[in-house]
Amino acid sequence: MTHILLRHRDIPDINKIDVYKKNGGFQVFEDAVKKMKPEEVTAIVKDSGLRGRGGAGFPTGMKWGFMDNNNWPHYVVANADESEPGTFKDRELMESNPFQFLEGVAISSYAVGANAAYVYLRGEFWEVAAFLDEKIEEMEKAGYLGEKLFGSDYSLKIYTHLGAGAYICGEETALLESLEGKRGQPRVRPPFPPSFGLYGKPTVVNNVETLTNVPLILEKGADWYKSMGTADSAGVKVFSLSGRVRKPGNYELPFGATFRELIYEHGGGILDGRPVKAIMAAGASSSLIDVDDKALDTPMDYASVRDLGADLGSASVIVIDDTISIDWVINKTIHFFKHESCGKCTPCREGNYWMQSVIERIRSDEGTPEDVELLQNVAKQMQNKCLCALGEFATMAVVTGIERFPQDFKLPVRK
Amino acid sequence: MSLVEKYPKEVEKILAKYPPEQKRSAVMPLLYMAQREEGFVDRHAMQDIAALVDITETEVASLIGFYTLYHDKPEGALRIQVCTDLPCALRGADKFLADLCEKLEIEPGGTTADGLITVEPVMCLAACDKAPMFQTQGSDGIKYHENMTVETTMELIEGFKKEVK
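Residues numbered from 1 in each chain as written. Chains lettered and ligands numbered in written order. Predicted model: local features only at pLDDT ≥ 70, side-chain atom pairs only at ≥ 80, totals over all residues.

## Side note on the sheet that holds strand β1 (residues 74-80) of chain A
Residue and element names in this part refer to chain A. Ordered by their spatial adjacency, four strands build an open sheet running β3-β2-β1-β4, and the pairing between neighbours is parallel. Among the strands making up the open sheet, the edge pair consists of β3 (157-162) and β4 (203-207). For this sheet, the mean angle separating the axes of adjacent strands, direction not counted, is 20°. Relative to strand β2 (residues 114-121), β1 runs parallel, the two being bridged by seven bridges. Bridge assignment links Y75 to a residue of β2, and that residue is A116. Contacting β1 and β4, helix α9 (residues 208-220) runs over the sheet at an angle of about 95° to β4. (Pairing = 2+ DSSP bridges. Helix = DSSP H or I, 4+ residues; strand = E, 2+ residues; numbered from the N terminus. Axes fitted to C-alpha atoms, helices over the stretch in contact; angles between N-to-C directions. Contact = placed C-beta atoms within 7 Å.)

Structure follows, in structure tokens:
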């Protein structure tokens, strides 16, 4: 297929500005600034059905439409904090197709009337940030960023900003705190960023992949975009495939492709030809899908994956085969979330700590069936009690792992 | 020498990225700058940064504690930070870390006897399809190294040792 997001796989050197321009680059941004009203741009994105690719799946155009027009200035922030175990799509997009992403940032900034946009990258993306800085400079020199663009009154600057190692900063309000120079701890919501965002000003926070969709949606229209994918999940998605597959990597497919197609046609099947035991479709924060033929033939869209008792999230598909025991899997996820809990909400801070000591006991020679019950109990008590989703995420694999794979938690009764 | 005296142009450039009344935002890039040479942020640099962005030294210290890429004490000149999270571990990252540490005769999190190399497990680095992988953190910033083996890692370490000599 021809790629819409991973376009560098079809067009070599698209990360060079002249190649990007030759392929129609920046034309829609120029046309939008010259000929369209900001709300017309938002209307097209709304009509396209584009939903946020960071995991929450919130309708993008609707988010832009929420910006408070009685409070200025406005900001756009691109969320490039990509930190969910299993997710590695945004880095490839920024490294290989940077101008399409940056044009997406520019178009969204025009649509919401922002004159400054920040790309917040996780600190580990040090090299990516330096690379984007070069690309931003090239855009400035070519007249696509700066003062009074294309002879209009519209001005725009884009800046990169590095985080410093904290998963929680992928949560949009924690990200904004971090960008303000504070510890990345989530805010109480509401108010949401479109009314109270960066420096207390209306702010749109969008994921890298979401924004990378925008230039082509504007160029080819909402109907073109909606013609791909499913009714509930329009367009294409970059699926990050990892774990026990032969060919892990990013695969761009329309929503509605099945797990089987992703794993066997694109991912080359399972290492050593083993069967798939479990799938985590949204990275480490996933519910574990107990895999049978029906699960493998499930279309990967938001609604269908929910019917399996899981979420598609950022479509970071971690594949687990039958050589892996689920108690080992949740030991890994618990350690991750315990390390990444920001400490603000007690159930998450204490619950993860507690879960870690219980899972370590379960995996030692001293675990008992009561420990498994205790672990399940602690996880359930953490749910619905925290300011952000991390408190929830930390429990998903634990609760579903114990419920759906009881055979992996059979421990001897001890006296 | 204070940070402003040492890197006047760069400090100015960093501060210009944010609205003048929001200079606190500059604290994170300033912290990276402060630990560039020694690999950690010392007390003087903390005071410098606090004064530059108009917050207390305690607030600066709390940021160093919160974010994993800032350090308040010296370790190896090169930090090898191996991702051992779930997707990497499904592709042998735990064994890679153990084998590398055995080869270097250190425990995970430890530093080699010559004080040059620290090896530590870290959380997901968003390179799950290229495990085993790690990042190196040193005076020239952060770099990714993907699809690694103990052999290729030892070559990298030897190269680094030659450079610092």
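## Some details on the packing of helix α6 (residues 98-112) of chain A against α9 of chain A
Residues and elements named next belong to chain A. Viewed as axis vectors pointing N to C, α6 and α9 meet at an angle of 80°, and their least axial separation amounts to 7 Å. It follows from the interaxial angle that α6 and α9 lie roughly perpendicular. Here Q100, F101, E103, G104, V105, I107 and S108 of α6 lie close against α9, whose contacting residues are V208, L211, T212, N213, V214, P215 and L218. Classifying every residue of the contact of α6 with α9 gives eight nonpolar, five polar and one charged. (Parallel < 35°, antiparallel > 145°, perpendicular 65-115°, else oblique. Nonpolar A, V, L, I, M, F, W, Y, C, P; charged D, E, K, R; others polar.)

## A closer look at the domain arrangement of chain B
Domain annotation of chain B identifies domain 1 (3-66) and domain 2 (78-164). The gap between the C-alpha centroids of domain 1 of chain B and domain 2 of chain B is 28 Å. (Domains from an automatic or database assignment.)

## Let's talk about the interface of chain A and chain B
Every contact between the two is made by 37 residues of chain A and, on the other side, 35 residues of chain B. Secondary-structure elements contributing two or more residues to the side of chain A that touches chain B are α7 (126-141), β3, β5 (236-243) and α14 (326-340) of chain A. Take the side of chain A that touches chain B: its biggest share by element is six residues, from α14 of chain A. The residue inventory of the side of chain A that touches chain B, partitioned by class, reads 16 nonpolar, twelve polar and nine charged.

## Things to note about the domain arrangement of chain A
All names here are of chain A. Along its sequence, chain A is carved into domain 1 (7-226), domain 2 (236-321) and domain 3 (326-409). Between domain 2 and domain 3, the contact holds nine residues from the first and eleven residues from the second. With three residues, the top contributor of residues to the side of domain 2 that touches domain 3 is strand β7 (residues 276-284). Among the residues forming the side of domain 2 that touches domain 3, the class breakdown is five nonpolar, three polar and one charged.

## Topic: the sheet that holds strand β2 (residues 117-122) of chain B
Residue and element names in this part refer to chain B. On the basis of which strands lie adjacent, the open sheet formed by four strands has the order β2-β1-β3-β4 and mixed pairing. Each having just a single partner strand, β2 and β4 (141-145) make up the two edges of the open sheet. Mean inter-strand twist for the sheet, computed between neighbouring axes without regard to direction, equals 25°. Judged from the five bridges that link them, strand β3 (residues 134-138) and β4 form a sheet pairing that is antiparallel. By the bridge assignment, G138 is partnered in β4 with G141.

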